[in-house]
Amino acid sequence: DTAVSQTPKYLVTQMGNDKSIKCEQNLGHDTMYWYKQDSKKFLKIMFSYNNKELIINETVPNRFSPKSPDKAHLNLHINSLELGDSAVYFCASSQDGRIPSGLREQFFGPGTRLTVL
Amino acid sequence: ILNVEQSPQSLHVQEGDSTNFTCSFPSSNFYALHWYRWETAKSPEALFVMTLNGDEKKKGRISATLNTKEGYSYLYIKGSQPEDSATYLCASTNTGNQFYFGTGTSLTVIP
């Protein structure tokens, strides 16, 4: 069973389009995250959701919006795609509880490679 | 934004050799240091999380140490095997609990 899954695995689209990437976790975790792996291979946090509440929102363009229909899903919607949005996007989740968030192990999805033409 | 740096960027070793690589991070507002193992075509998997200066963690042939005063962590692999080939990522979290990842060290173990 896949713990954290993302769809699609690859996404090729034209500049200006709107697209979504879906993420689902079956671990019963309370917090989910979106990361962008940039051209220098850094994983940069974009968003995290805890019980449907946005708790981290780094300086990402407002064309990016996370949508969480329930605790097991955190989808990433991107409006008006730009060339610079081409990257690999990773979803992750972690368990809440008494462990502070900075100590929690994160479980990553397989990534979605987005190419904007 | 924290600058987390890893070196070397890539490494090739012969099977059976021991190896180590470095993760450097800002020591101010330090909270925790994480190591992840990332195999090609798979997702990163957590290896260790360390918080205290002088911490040492071990899992099989892999171990890690932490120096929070000078801002570095070493990952050691004893008797490298081909299945150890992967990218090893470190991430530092600060008192704001935000994760800052390095770019990883890509290890290739040659049979």
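Below is a summary of the structure that appears in this document. (Residues numbered from 1 in each chain as written. Chains lettered and ligands numbered in written order. Predicted model: local features only at pLDDT ≥ 70, side-chain atom pairs only at ≥ 80, totals over all residues. Heavy atoms only, no water.)

**What about the overall build of chain B?**
Piece 1. For chain B, the helix and strand inventory stands at zero helices and eleven strands.
Piece 2. The linear arrangement of helices and strands in chain B, starting from the amino end, is β-β-β-β-β-β-β-β-β-β-β.
Piece 3. Computed over C-alpha atoms, the radius of gyration of chain B comes to 13 Å, within 12% of the 13 Å expected from 2.2 N^0.38 for 111 residues, which places it in the range of a compact globule.
Piece 4. Scored against the burial criterion, the 111 residues of chain B give a buried share of 48%. (Helix = DSSP H or I, 4+ residues; strand = E, 2+ residues; numbered from the N terminus. Rg over C-alpha atoms; globule rule 2.2 N^0.38 Å. Buried < 20%, exposed > 50% of the residue type's maximum accessible area, 1.4 Å probe, protein only.)

**Observations concerning the sheet that holds strand β7 (residues 62–67) of chain B**
All names here are of chain B.
Piece 1. Spatially, β1-β3-β8-β7-β6 is the arrangement adopted by the five strands of the open sheet, whose pairing is antiparallel. Each having just a single partner strand, β1 (5–7) and β6 (56–59) make up the two edges of the open sheet. Looking at each pair of strands side by side, their axes are set apart by 15° on average, direction ignored.
Piece 2. Here strand β3 (residues 19–24) runs beside strand β8 (residues 72–77); their pairing, made up of six bridges, is antiparallel. (Pairing = 2+ DSSP bridges. Axes fitted to C-alpha atoms, helices over the stretch in contact; angles between N-to-C directions.)

**Some remarks on the interface of chain B and chain A**
Piece 1. Listed by partner, the interface residues are 19 residues for chain B and 20 residues for chain A.
Piece 2. Summed over both partners, the interface of chain B with chain A buries about 1,600 Å², with 61% contributed by carbon and sulfur atoms.
Piece 3. If you sort the residues of chain B by the area they bury against chain A, F99(B), F101(B) and T103(B) come out on top, with a joint share of 31%.
Piece 4. Counting across the interface, chain B meets chain A through five residue pairs in polar contact (both at pLDDT 80 or more). (Contact = heavy atoms within 4.5 Å. Buried area = accessible area lost by both parts, 1.4 Å probe. Polar contact = N/O pair within 3.5 Å; in protein donor to acceptor, adjacent residues only side chain to side chain.)

**Points about the packing of aromatic side chains**
Piece 1. One pass over the structure, following the stated rule, counts 14 aromatic pairs over all chains.
Piece 2. Judged by centre distance (5.5 Å) and plane angle (85°), the rings of Y35(A) and F101(B) are edge-to-face. Placement of Y35(A) in strand β4 (residues 31–37) and of F101(B) in strand β10 (residues 99–101) is noted, with the two residues assigned to different chains. Residue Y35(A) shares its accessibility class with F101(B), and that shared class is buried. (Phe/Tyr/Trp six-rings, centres within 6.5 Å; stacked < 30°, edge-to-face > 60°.)

**What to know about the environment of K58(B)**
Piece 1. Within the secondary structure layout, K58(B) lies in strand β6.
Piece 2. Considered as a pair, K58(B) and A46(B) are twelve residues apart in the sequence and their alpha carbons are 13 Å apart.

**Quick word on the pattern of salt bridges**
Oppositely charged side chains can pair when the atoms bearing their charge come close.
Residue and element names in this part refer to chain A.
Piece 1. Taken as a whole and assessed by the stated rule, the structure comprises seven salt bridges over all chains.
Piece 2. The salt bridge involving D30 is made with K71; its shortest N-O contact spans 3.2 Å. Placement of D30 in the loop between β3 (19–25) and β4 and of K71 in the loop between β7 (64–70) and β8 (73–78) is noted, with a sequence separation of 41 residues between them.
Piece 3. Note on K71: relative accessible area 39%, which makes it partly exposed.
Piece 4. Here the salt bridges do not stand alone but share partners, grouping R63, E82 and D85 into one network. (Salt bridge = Lys/Arg side-chain N within 4 Å of Asp/Glu carboxyl O.)

**Observations concerning the state of the cysteines**
Residue and element names in this part refer to chain B.
Piece 1. Within this structure, the stated rule accounts for two disulfides over all chains.
Piece 2. With a sulfur-sulfur separation of 2.0 Å, C23 is cross-linked through a disulfide to C90. The chirality of the disulfide connecting C23 with C90 is right-handed, given an S-S dihedral of about 75°. Here C23, found in strand β3, pairs with C90, found in strand β9 (residues 86–94); they are 67 residues apart in sequence, far enough to count as distant. Like C23, the residue C90 is buried in the burial classification. (Disulfide = S-S within 2.5 Å.)

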